[in-house]
Amino acid sequence: MTPGLFLSLDGLDGCGKSTQCRLLADWLRGQGFSVCTCNDPGGTAVGDQLRHLLLHHRGHLQLRCEALLFMASRAQLIGEVIRPALEAGTMVLSDRFLLANVVYQGHAGGLPVEELWQVGLMATGGLEPDLTMVLDLPEELARQRRARQEDRIESRGTDYHRRVRGGFLAEAQRRPERIRVIDASAPVEPVQRLIRQEVERVLAARPRA
């Protein structure tokens, strides 16, 4: 059996990830694929508790503690959900993955980027998405699109989120074989078409069963 394809979407909060993940999953199912969707952090009983702590904890979290809590949630998600799905030949679509750690706690927060990659790959057992699509949007526009109360990380200042955006773009430039940038400033449907084109490109390059 050919292992399933592992895809992730990432970007600033407000870039449209959740909507685009849903539309992409519906399209893939329409193409005949079995699809598993998940959120990172979260997606398991342990992960959901860690997600609540990370996004809504009212006290101060040390940045390294924050980074490692994300890693712990992801390790549980890999073991319980992602790896079994891939081994069963299912397509996995994750709303965020390790790249978010590298960008939010590394590029924006100041932790060593290469250390985050190394610890992150240890937490996932070396598993990475076959393709990560970064939905790119200026910070000001992303903030305008967030139509809800901001969580603990979203409430960080403008300069922080500008560094986040810069981190996503820098990592995409460093790793173009795995990370592709999608202009998310357009309406939903044109953005979805660009996402599907990237997925079709990766699917076409995979060996057939």
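What counts as what
- Think of each chain on its own: its residues are numbered from 1, step by step along the sequence as written.
- Per-residue local features of the predicted model are confined to residues with pLDDT of at least 70, and side-chain atom pairs are confined, for both listing and counting, to 80 or more; whole-chain, interface and lining totals are unaffected and use all residues.
- Derived side-chain values reflect all non-hydrogen atoms in the structure, with water molecules and hydrogen atoms excluded from consideration.
- Partly exposed describes any residue whose relative accessible area lies between the buried limit of under 20% and the exposed limit of over 50%, with all areas from a 1.4 Å probe on protein chains only and scaled to the type maximum.
- A helix here means a DSSP run of H or I that spans at least four residues, while a strand means a run of E at least two residues long, and both kinds are numbered starting from the N terminus.
- A strand pair is defined by DSSP finding two or more bridges across the two strands.
- What we call a nonpolar core is a set of buried Ala, Val, Leu, Ile, Met, Phe, Trp, Tyr and Cys residues that are connected through their side-chain atoms within 4.5 Å.
- To obtain an axis, a line is fitted to C-alpha atoms, over the contacting stretch when the element is a helix, and the angle between two such axes runs from 0 to 180 degrees between their N-to-C directions.
- Stacked, tilted and edge-to-face are the three classes assigned to paired rings of Phe, Tyr and Trp, where Trp is represented by its six-membered ring and a pair needs centres within 6.5 Å; plane angles under 30 degrees give stacked, over 60 edge-to-face, the rest tilted.
- By definition, residues are in contact when any of their heavy atoms lie within 4.5 Å.
- To sort the angles, those under 35 degrees are grouped as roughly parallel, those over 145 as roughly antiparallel, those from 65 to 115 as roughly perpendicular, and the leftovers as oblique.
- The sense of a crossing depends on the near helix, which, turned anticlockwise from the far helix by less than a right angle, makes the crossing left-handed and, turned clockwise, makes it right-handed.
- By the convention adopted, Pro, Cys, Tyr, Trp, Phe, Met, Ile, Leu, Val and Ala count as nonpolar, Lys, Arg, Asp and Glu as charged, and the other residues, Gly among them, as polar.

Asker: Any chance you could break down the pairing of strand β3 (residues 91-95) for me, citing the residues and the numbers?
Answerer: With 5 of 5 residues buried, β3 is to be regarded as a mostly interior element. Relative to β3, strand β1 (residues 6-11) runs parallel, the two sharing 4 bridges. The residue bridging serine 8 from the neighbouring strand is serine 94, located in β3. As defined by bridge partners, strand β2 (residues 35-39) adjoins β3 across 5 bridges and the pair is classed as parallel. Bridging across to β3, cysteine 38 finds its partner in serine 94.

Asker: Report on the nonpolar core, specifying residues and quantitative values.
Answerer: Judged by nonpolar contacts, the single largest core of 63 residues is most densely connected at Leu7, Leu24, Ile82, Tyr104 and Ile195. With 10 residues, the single largest contributor to this core is helix α3 (residues 63-87).

Asker: So what about the sheet that holds strand β4 (residues 131-136)? Which residues, and what values?
Answerer: Taken in spatial order, the 5 strands line up as β2-β3-β1-β4-β5 in an open sheet, and their pairing is parallel. The open sheet has two edge strands with one neighbour each: β2 and β5 (179-183). Sheet twist, expressed as the average angle between the axes of neighbouring strands with direction ignored, equals 20°.

Asker: Quick rundown of the packing of aromatic side chains? Include the residues and the values.
Answerer: Applying the stated criterion to the full structure yields 3 aromatic pairs. Taking 5.0 Å as the distance between ring centres and 85° as the angle between the ring planes, the aromatic pair formed by phenylalanine 6 and phenylalanine 97 counts as edge-to-face. Of this pair, phenylalanine 6 sits in strand β1 while phenylalanine 97 sits in the loop between β3 and α4 (98-107); the two residues are 91 residues apart in sequence, bridging distant segments of the chain. In this structure, phenylalanine 6 and phenylalanine 97 share a single accessibility class: buried. When the ring of tyrosine 104 is compared with that of phenylalanine 168, the centres are 6.2 Å apart and the planes differ by 80°; the resulting orientation is edge-to-face. Here phenylalanine 168 lies in helix α7 (residues 158-174) and tyrosine 104 lies in helix α4, a separation of 64 residues in the sequence. Chaining the aromatic ring pairs together yields one cluster made of Tyr104, Tyr160 and Phe168.

Asker: Please provide a residue-by-residue account of the pairing of β1, values included.
Answerer: For β1, a buried count of 6 out of 6 residues is recorded, marking the element as mostly surrounded by other parts of the structure. Alternating positions in β1 separate into two faces, Phe6, Ser8 and Asp10 on one and Leu7, Leu9 and Gly11 on the other, with burial throughout. Direction of pairing for β1 relative to β4: parallel, over a ladder of 5 bridges. Note that in β4 the partner of leucine 9 across the bridge is methionine 133.

Asker: Please set out the side chain of glutamine 20 residue by residue, giving values where relevant.
Answerer: Its place among the elements puts glutamine 20 in helix α1 (residues 17-30). Look past the residues within four positions of glutamine 20 in its chain and what remains in contact with it is Leu9, Leu135, Val188, Val191, Gln192 and Ile195.

Asker: Any details on the packing of α3 against helix α5 (residues 113-123)? Residues and values, ideally.
Answerer: Each pair of packed helices gets described by two things: the angle between the helix axes and the distance between those axes. It is at 9 Å that the axes of α3 and α5 come closest, and there the two elements cross at 30°. In terms of axis orientation, α3 runs roughly parallel to α5. Read as a crossing pair, α3 and α5 show a hand that is right-handed. For the pair α3 and α5, contact is made by Arg64, Ala67, Leu68, Met71 and Ala75 and by Glu115, Leu116, Val119, Gly120 and Ala123, respectively.

Asker: Can you tell me about unusual backbone geometry, naming the residues and giving the values?
Answerer: Omega for the bond connecting aspartate 40 with proline 41 falls within 30 degrees of zero, at 5°, which places this linkage in the cis form. Topologically, proline 41 is positioned in the loop between β2 and α2 (45-56). Of note in this structure, arginine 96 is not a glycine but carries a positive phi near 80°. Structurally, arginine 96 is set in the loop between β3 and α4.

Asker: An account of the packing of α1 against helix α8 (residues 188-205) is needed here, citing residue identities and associated values.
Answerer: α8 packs onto α1 with a crossing angle of 55° between their chain directions and a minimal axis gap of 10 Å. The angle between α1 and α8 falls in the class oblique. Note on packing geometry: the crossing formed by α1 with α8 is right-handed. Contacts between α1 and α8 involve Thr19, Gln20, Leu23, Leu24, Trp27 and Leu28 from the first element and Val188, Glu189, Val191, Gln192, Ile195, Arg196, Val199 and Glu200 from the second. Grouping the amino acids of the contact of α1 with α8 by side-chain chemistry returns 8 nonpolar, 3 polar and 3 charged.

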